[in-house]
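Close look at the chain arrangement
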Amino acid sequence: MVQRREAPRWNGTRWYRPPRAFLDDQLGFPLRKMQELGEIFWFDFYLRRIFVITDLEAIRHILQVNHRNYHKSPAYGQLKLALGNGLVTSEGDFWRRQRRIIQPVFHKRNLRGLYALMQEETENYCRRLDGRRGQALDMAQEMMAVTANIALRTLFSTQNPTDQAEMYRIMSEAQEWIMYRTTHPLFIPLAWLAPRHRRFLRDMRKMDDLVYGMIEARRRADDYPDDLLSMLLHARDADTGEAMTDRQIRDEVLTLFAAGHETSATAMSWTLWLLSRHPEVAQRLEAELDEVLGGRLPEWDDLPRLKWTQQVLQESMRLYPPAYAIGRQALVADELCGYHVPPRSIMFISIYALHRHPRYYARPDRFDPEHFAEAAVRERPRLSYIPFGAGPRMCVGNHFAMIEMTLLLAALWQRFRFEPVPDHPVEPNPLVTLKPKYGIRMVVR
Ligand code: HEM
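The present account deals with the structure reproduced in this document. Residue positions within a chain follow its written sequence, with the count starting from 1. Predicted model: local features are reported for residues with pLDDT of at least 70 only, side-chain atom pairs are reported and counted for 80 or more only, and whole-chain, interface and lining totals are derived from all residues.

1. Quick look at the overall build of the chain
By definition, any uninterrupted DSSP run of H or I lasting at least four residues is a helix, any uninterrupted run of E lasting at least two residues is a strand, and each is numbered from the N terminus. A tally of helices and strands in the chain yields 16 helices and 12 strands. We compute the radius of gyration from the C-alpha atoms alone; for a globule the expected value is 2.2 Å times N to the 0.38, where N is the number of residues. Rg of the C-alpha trace for the chain: 22 Å, near the compact-globule value of 22 Å for 445 residues, within the 12% margin. Considering only C-alpha atoms, the chain reaches an extent of 65 × 55 × 45 Å along its principal axes. Here the chain holds 445 residues, and the buried ones make up 40% of them. Nonlocal contacts in the chain, meaning residues at least 24 apart in sequence, comprise 76% of its contacts between residues at least 6 apart. Exposure classes come from backbone-placed C-beta atoms, where a residue is buried if 20 or more other C-beta atoms lie within 10 Å of its own, exposed if 12 or fewer do, and partly exposed in between. By definition, residue pairs are in contact when their C-beta atoms, positioned from the backbone, come within 7 Å.

Below is the structure:
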């Protein structure tokens, strides 16, 4: 009989105490302890265990081989309040059906159709930025605004600035409220009494009116614009031929907006900051953009030729992965690389620590896009770089994101320079995504 082995344990906490060292430092703690305890270790988390994982075999097991035993961690329950039962928050057969319907929407052919909308929004943004040269701006906030506009434009092709601003406001405030609830679990039973909760419910009703209004108008219209909403309305389950209900479309629209814009904005902000500190990388970027584009906005067919631009983005997401960890919980007991996993254990796959593992990157803390040269990528195991996750729940918008960011970076870097404001602290803050804690203040030239 196989003996049940326990994985190495971090003894720094007890079941009745919050694991402060981990909760206060969700980036550095896994990185340090991985070196001390190994690539799979666990500690007490009230009546559960948290396993911290950077081992590739374990990652493959949780996200691919036995993914049916690992549902998303409890924090996702709170997200349902705003996003309903969309791709990010659903599980099991319901999720499988939704994924089957939505995956083809993100096929390259469809993304090509959306590209013109991305270009227009990028151009609009560059025009606005042009009028603000010489000013110190928080580029993290700027990137949030531009990726939100791209997301709303590709979803609805709407150019109604009032609707766009209102949707952006509602989603940002909703996210703050949900984050507050997730980090204050003892407060949740009383949360419905808080005025802020009533405001949240009012806002979500307003959002529903806007989205359902657009769905209804679209169903009545004779011709459909080329945007994600049209694609979702037309999408059918390949197995059953069924379409989505209005409620499902509403949930998926909000999910795509929420999942799609902050992640890309975060990656863009770190990229601008890293480039400002590495002139040799920036010069090579400038040379590539000159050679391939000669001052114009990239067209669809230019994208594969912007190799260095894409390596820069990949390297930036290695050091500052917007989704810095993937959380799962075990439904039933399991065996993970020979170690026992009790039911309800939480699996914390630290993408941040994995991406800085000295086994895969000789100088892990150095910003060097050569890490993504073809030969270097071939030499590394595939799962050693997973900014978009892995397995059946891998990011459905990964190509969308790479296209959007390549376009944005190429457009911005051809026309502007960004100088960091001296003495402004820049520090990653692991919230929903890995945002810069104090923003990234830069003077636009
Ligand atoms: C740099 C940008 C992005 C990053 C780093 C990123 C990262 C991720 C990661 C790591 C996951 C897997 C989470 C897990 O397994 O728990 C994920 C899932 C997802 N992402 Fe992205 N994402 C990005 C952009 C986008 C965009 C642009 C969209 C949509 C337009 C999008 C839509 C989604 C959806 C719907 C899921 C859930 C998929 C499922 O569970 O079936 N993401 N993303």
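2. Description of the pairing of strand E1 (residues 40–45)
The buried fraction of E1 amounts to five of the six residues, a majority that puts the element mostly inside the structure. Strand pairing is assigned whenever DSSP identifies at least 2 bridges connecting the two strands. Here six bridges tie E1 to strand E2 (residues 48–53), and the two strands are oriented antiparallel to one another. Directly across from Trp42, in E2, lies its bridge partner Phe51. Joining the antiparallel neighbours E1 and E2 is a turn of two residues, in which Tyr46 adopts a positive phi near 50 degrees.

3. Considerations on the sheet that holds strand E12 (residues 441–444)
Strands sit in the order E4-E12-E9 across an open sheet of three strands; the sheet is antiparallel. Each edge of the sheet is formed by a strand with only one pairing partner; in this case those strands are strand E4 (136–138) and strand E9 (418–420). Neighbour to neighbour, the strand axes of the sheet diverge by 45 degrees on average, direction disregarded. Note: E9 against E12, three bridges, orientation antiparallel. The partner of Phe418 across the bridge, within E12, is Val444. Axes here mean lines fitted to C-alpha atoms, for a helix over just the part in contact, with angles spanning 0 to 180 degrees between N-to-C directions.

4. A few points about the site of the ligand
Neighbouring residues of the ligand: 23 residues in total, closest Gly260, Thr263, Gly389, Cys395 and Gly397. Contributing elements (two or more residues each) for the shell around the ligand: helix H11 (246–277) and helix H16 (398–415). Considering every element that reaches the shell around the ligand, the biggest residue donor is H11, with seven residues. Polarity classes work like this: nonpolar for Ala, Val, Leu, Ile, Met, Phe, Trp, Tyr, Cys and Pro, charged for Asp, Glu, Lys and Arg, and polar for all others, with Gly in that last group. Class assignment of the residues belonging to the shell around the ligand gives a composition of 14 nonpolar, six polar and three charged. Each residue gets a C-beta atom placed from its backbone. If that atom is within 6 Å of a molecule or strand, the residue is near it.

5. A closer look at the sheet that holds E1
The strand order across the open sheet formed by five strands is E1-E2-E8-E5-E3, and the pairing between neighbours is mixed. The open sheet is flanked by E1 and strand E3 (70–72), the only strands paired with a single partner. Strand after strand, the sheet turns through a mean of 30 degrees between neighbouring axes, direction not considered. As paired elements, E2 and strand E8 (residues 346–350) share four bridges and run parallel to each other. Its bridge partner being in E8, Val52 is matched across the sheet by Phe348.

6. So, unusual backbone geometry
Even without glycine at this site, Tyr46 takes up a positive phi of about 50 degrees. Mapped onto the fold, Tyr46 is located in the loop between E1 and E2. Backbone geometry places Asp423, a non-glycine residue, at a positive phi of 70 degrees. Turning to its location among the elements, Asp423 is positioned in the loop between E9 and strand E10 (428–430).

7. Regarding the environment of Ala353
By secondary structure assignment, the location of Ala353 is in helix H14 (residues 351–354). Looking at Ala353, the number of C-beta atoms within 10 Å reads 26, which means it is buried. The spatial distance from the C-alpha of Ala353 to the C-alpha of Gln26 is 9.7 Å, given a sequence separation of 327 residues.

8. A few points about the packing of helix H9 (residues 195–220) against H11
Orientation of H9 relative to H11, taken along the N-to-C sense of each, is 120 degrees, at an axis distance of 10 Å. Taken as axis vectors, H9 and H11 run oblique relative to one another. Handedness of the H9/H11 crossing: right-handed. Residues Asp208, Val211, Tyr212 and Ile215 of H9 lie in contact with H11, whose contacting residues are Asp246, Ile249, Arg250 and Val253. The class makeup of the residues in the contact of H9 with H11 is five nonpolar, no polar and three charged. Small angles under 35 degrees read as roughly parallel and large ones over 145 as roughly antiparallel, with 65 to 115 read as roughly perpendicular and the rest as oblique. Each crossing gets its handedness from the near helix: less than a right angle anticlockwise from the far helix is left-handed, clockwise is right-handed.

9. Overview of H16
Between the first and last residue of a helix there are one fewer steps than residues, each counted as 1.5 Å, and that sum is the expected span. Across its 18 residues, H16 extends 26 Å between first and last C-alpha, which sits within 8% of the 26 Å expected from 1.5 Å per residue. Those residues of H16 not exposed but buried are Phe400, Ala401, Ile403, Glu404, Met405, Leu407, Leu408, Leu409, Ala410, Ala411, Leu412 and Trp413. If you follow the buried residues of H16, they end up packed against helix H6 (108–130), helix H7 (139–156), H11, helix H12 (279–293) and helix H13 (307–319).

10. Describing helix H5 (residues 92–102)
Among the residues making up H5, those that are buried are Gln98, Ile101 and Ile102. Take H5 and look down its axis: the buried residues cluster within an arc of 90 degrees, on one side only. Turned more than 90 degrees away from the buried face of H5 sit Gly92 and Asp93, all of them exposed. Taken from the helix axis, the directions to the C-beta atoms give the arc we talk about.

11. Structural notes on the environment of Pro8
Tracing the sequence through the fold places Pro8 in the segment before helix H1 (20–23). Since 14 C-beta atoms lie within 10 Å of it, Pro8 is described here as partly exposed. Distance in space between the C-alpha atoms of Pro8 and Val432 is 28 Å, their sequence separation being 424 residues. Among all residues touching Pro8, those that are not within four sequence positions of it are Leu37, Gly38 and Phe41.

12. Quick notes on the pairing of strand E5 (residues 325–330)
Inspection of the sheet shows E3 paired to E5 by three bridges, in the antiparallel sense. Note that in E5 the partner of Lys72 across the bridge is Arg328. Sheet analysis places E5 next to E8, joined by five bridges and oriented antiparallel. Along E8, the bridge assignment pairs Gly327 with Phe348.

13. Some remarks on the environment of Leu408
Turning to its location among the elements, Leu408 is positioned in helix H16. A C-alpha to C-alpha distance of 30 Å links Leu408 and Asp208, two positions 200 residues apart in sequence. Non-local contacts of Leu408, meaning those with residues more than four positions away in its chain, are made with Thr122, Val146 and Met268.

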